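A closer look at the structure
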Amino acid sequence: MTNQLQNDLTSDGYIVIRDVLTPEQVERLRRAAKQYLRSGGKYLYGGKFQLHAMYVVDEVAKFMTADTILNRLKEITQPLDVVLTGECDLMINTTSSWHNDVPHHPRCVDGSIFSDESFRVYKIAFYLQDQDENSKATLKVRPRSHLKGLVQSLPAKGLGIRAGDAIIFDVRIEHAGQMPTLVDRSLRKFFERIGPLLRLDVQKAFTVTRSIIRRLGRTPDRVAVFMTFGPSDAETYSYAEEGRHRHPGVRGTLSADVLTQLAVNNIVPPIIGAPA
């Protein structure tokens with residue numbers, strides 16, 4: 001028997017679950033994320049980005065493994081247990097064009113991954129601020145593109161959410177975050193041109209300049225955290241293995257509290273990254 005969450009994910013490739021986090025939890029998570037990203041993370045896409053965030057920011061790990069979240073993941077993977085692939089991205093003010101999250105997967109080459117009904121790997125995302133469906137900053141998806149691949153003719157849908165809502169989407173679906181503006185694209189090209197001549201870190205120079213422009217325009221920060229999961233089957237383990245080939249090794253650890261919480265929920269801690 002499948003439930004409504006599973007049916008909607010199979011049909012449309014995404015769902016929005018309202019009020020998973022309380023306003024107090026959102027504020028704590030947003031504060032922890034911003035505090036870490038002031039000095040941590042990598043300059044990327046015009047903002048800052050941290051791979052495997054639950055291994056380096058304990059507050060993120062505690063939130064993402066809380067019962068309120070794991071219980072939702074269990075509803076989606078049942079009757080199988082939840083598997084965490086190890087991907088957990090923390091980001092602030094990054095830009096994103098249209099893409100899906102499987103271009104690295106071998107079965108993306110012949111397109112067979114898009115016709116495979118047994119493939120059920122998802123991301124759960126929290127945007128830690130309200131985002132109207134017409135906002136340029138909101139997450140946009142092309143419903144049902146998880147079954148078709150990169151099909152730009154499909155209509156896009158902006159997801160209107162409140163901070164604390166959870167978005168869950170199939171990693172195969174076409175989606176985009178905050179699209180780069182003309183100024184963003186011009187700045188990036190400018191620094192790509194002069195960066196090597198001046199020995200600049202291109203991504204850092206672009207991000208810092210963009211940050212100054214955002215402050216001058218009183219543009220609020222846009223913070224998000226993503227975590228990848230799936231049922232304990234061959235497709236999820238295969239996706240996790242491909243991720244380990246792509247990403248560098250991780251030196252962080254999970255706290256005893258988080259390891260206990262995973263054990264209670266019958267979830268094996270993910271082994272992530274290639275050897276460091």
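Structural data are supplied above this passage.
Here is what the cut-offs are and how they apply
- All chains use their own residue numbering, which begins from 1 and follows the written sequence.
- Per-residue local features are limited, in this predicted model, to residues with pLDDT of at least 70; the limit for side-chain atom pairs, both in listing and counting, is 80 or more; totals at the level of whole chains, interfaces and linings are taken over all residues.
- Side-chain numbers here rest on the full set of heavy atoms in the structure, without hydrogens or water.
- Buriedness for pockets is judged along seven lines, at least five of which must meet protein on both sides within 12 Å for an open set on the 1 Å grid over protein atoms alone, while cavities are sets there where a 1.4 Å probe fits but cannot get out, and lining residues have an atom within 4 Å of a point.
- Grid points are joined across faces, edges and corners, and a volume is the space filled by probe spheres set on the points.
- Strands here are runs of E lasting at least two residues and helices are runs of H or I lasting at least four, both read from the DSSP assignment and numbered beginning at the N terminus.
- Residue type decides the class: Asp, Glu, Lys and Arg count as charged, Ala, Val, Leu, Ile, Met, Phe, Trp, Tyr, Cys and Pro as nonpolar, and the leftover types, Gly among them, as polar.
- Should DSSP find at least two bridges between two strands, the strands are regarded as paired.
- Axis definition: a line fit to C-alpha positions, over the contact stretch in the case of helices; interaxial angles, taken between N-to-C directions, run 0 to 180 degrees.
- Two residues form a contact once any of their heavy atoms are found within 4.5 Å.
- Here a helix's expected span is defined as the number of its residues, less one, multiplied by 1.5 Å.
- Remark: exposure states derive from per-residue accessible area (1.4 Å probe, protein chains only) relative to the maximum for the residue type, with buried under 20%, exposed over 50%, and partly exposed in between.
- Pairing of N or O atoms within 3.5 Å defines a polar contact, subject to two protein rules: one partner must be a possible hydrogen donor and the other a possible acceptor, and residues neighboring in sequence count only if both atoms are side-chain atoms.
- Between rings of Phe, Tyr and Trp, where Trp is taken as its six-membered ring, a pair exists when centres lie within 6.5 Å; planes separated by under 30 degrees are stacked, by over 60 edge-to-face, and by other angles tilted.
- It is the directions from the helix axis to the C-beta atoms whose arc is reported.

Left-over empty space is what a probe sized like a water molecule reveals as it rolls over the atoms. Counted according to the given criterion, the structure contains one cavity of 30 Å³ or more. The computed volume of the largest cavity comes to approximately 50 Å³. Taken together, 10 residues form the lining of the largest cavity, with His-52, Thr-85, Gly-243, Arg-244 and His-247 sitting closest to its centre. Going through the elements one at a time, strand 4 (82-92) and helix 7 (234-246) are the ones with two or more residues in the lining of the largest cavity. Across the lining of the largest cavity, the residue classes break down as two nonpolar, six polar and two charged.

Pairing in this open sheet of seven strands is antiparallel, and the strands run 1-8-5-10-4-3-2 from one edge to the other. Each edge of the open sheet carries a strand with a single partner, namely strand 1 (14-17) and strand 2 (42-44). Direction aside, neighbouring strands of the sheet carry axes that sit 25° apart on average. Sheet topology places strand 4 next to strand 10 (residues 223-231); eight bridges connect them, and they run antiparallel. Opposite Asp-89, over in strand 10, you have Phe-226 as the bridge partner. Helix 4 (residues 67-77) rests against strand 1, strand 4, strand 5 (122-127), strand 8 (166-170) and strand 10 of the sheet, and its axis sits at about 40° to strand 10.

Moving on, we get to helix 6 (residues 202-216). The end-to-end C-alpha distance of helix 6 is 21 Å, a good match for the 21 Å that 15 residues give at a rise of 1.5 Å each. Turning to helix 6, its buried residues are Ala-205, Phe-206, Thr-207, Arg-210 and Arg-214. Those residues of helix 6 hidden inside the fold are in contact with strand 2, strand 3 (47-50) and helix 5 (182-198). With a side-chain oxygen lying 3.1 Å from the backbone nitrogen of Gln-203, the N-terminal cap of helix 6 falls on Asp-201. Once helix 6 finishes, Arg-218 follows within two positions and takes phi at roughly 55°, a positive value.

Most peptide bonds are trans, and most residues other than glycine sit at a negative phi. Between Gln-78 and the following residue, Pro-79, the backbone shows a cis peptide bond with an omega angle of 10°. Position of Pro-79 among the secondary structure elements: in the loop between helix 4 and strand 4. Backbone geometry places His-52, a non-glycine residue, at a positive phi of 50°. Following the sequence through the fold, His-52 ends up in the loop between strand 3 and helix 3 (58-64). Despite not being glycine, Arg-199 has its phi angle at roughly 55°, a positive value.

Moving on: the pairing of strand 10. Of all the nine residues making up strand 10, nine are buried; the element is thus mostly covered by neighbouring parts of the structure. Two elements, strand 5 and strand 10, share six bridges in a ladder whose sense is antiparallel. By the bridge assignment for strand 10, Ile-124 is matched with Met-227.

Turning our eyes to something else, we now look at the packing of aromatic side chains. A full pass over the atoms with the stated rule returns five aromatic pairs. Here the aromatic rings of Tyr-127 and Phe-226 are separated by 5.8 Å at their centres, their planes lie at 80°, and the arrangement is edge-to-face. Placement of the pair is Tyr-127 in strand 5 and Phe-226 in strand 10, with a sequence separation of 99 residues. For the pair Tyr-127 and Phe-226, one class covers both residues: buried.

What follows is about the sheet that holds strand 7 (residues 157-158). Read from one edge of the open sheet, three strands run 7-6-9, paired in antiparallel fashion. Since the sheet does not close on itself, it has two edges, and those belong to strand 7 and strand 9 (175-176), each with one partner. By the bridge criterion, two bridges tie strand 6 (residues 140-141) to strand 9 in an arrangement that is antiparallel. Across the sheet, the residue bridging to Lys-140 is Ala-176, located in strand 9.

Note that an α-helix has 3.6 residues per turn; residues three or four places apart therefore point the same way. The terminal C-alpha atoms of helix 2 (residues 23-39), which comprises 17 residues, lie 25 Å apart, in line with the 24 Å expected from a rise of 1.5 Å per residue. Taken residue by residue, helix 2 has Val-26, Leu-29, Arg-30, Ala-32, Ala-33 and Leu-37 as its buried positions. One side of helix 2 carries all its buried residues, which in axial view fall inside an arc of 165°. Residues of helix 2 that are exposed and angled more than 90 degrees away from the buried face: Glu-24, Gln-35, Arg-38 and Ser-39. As for helix 2, its buried residues are in contact with strand 3, helix 3, strand 4 and strand 10. Trailing helix 2 by a residue or two, Gly-41 shows a phi angle of about 85°, which is positive.

Honestly, it's all geometry; don't read function into it.
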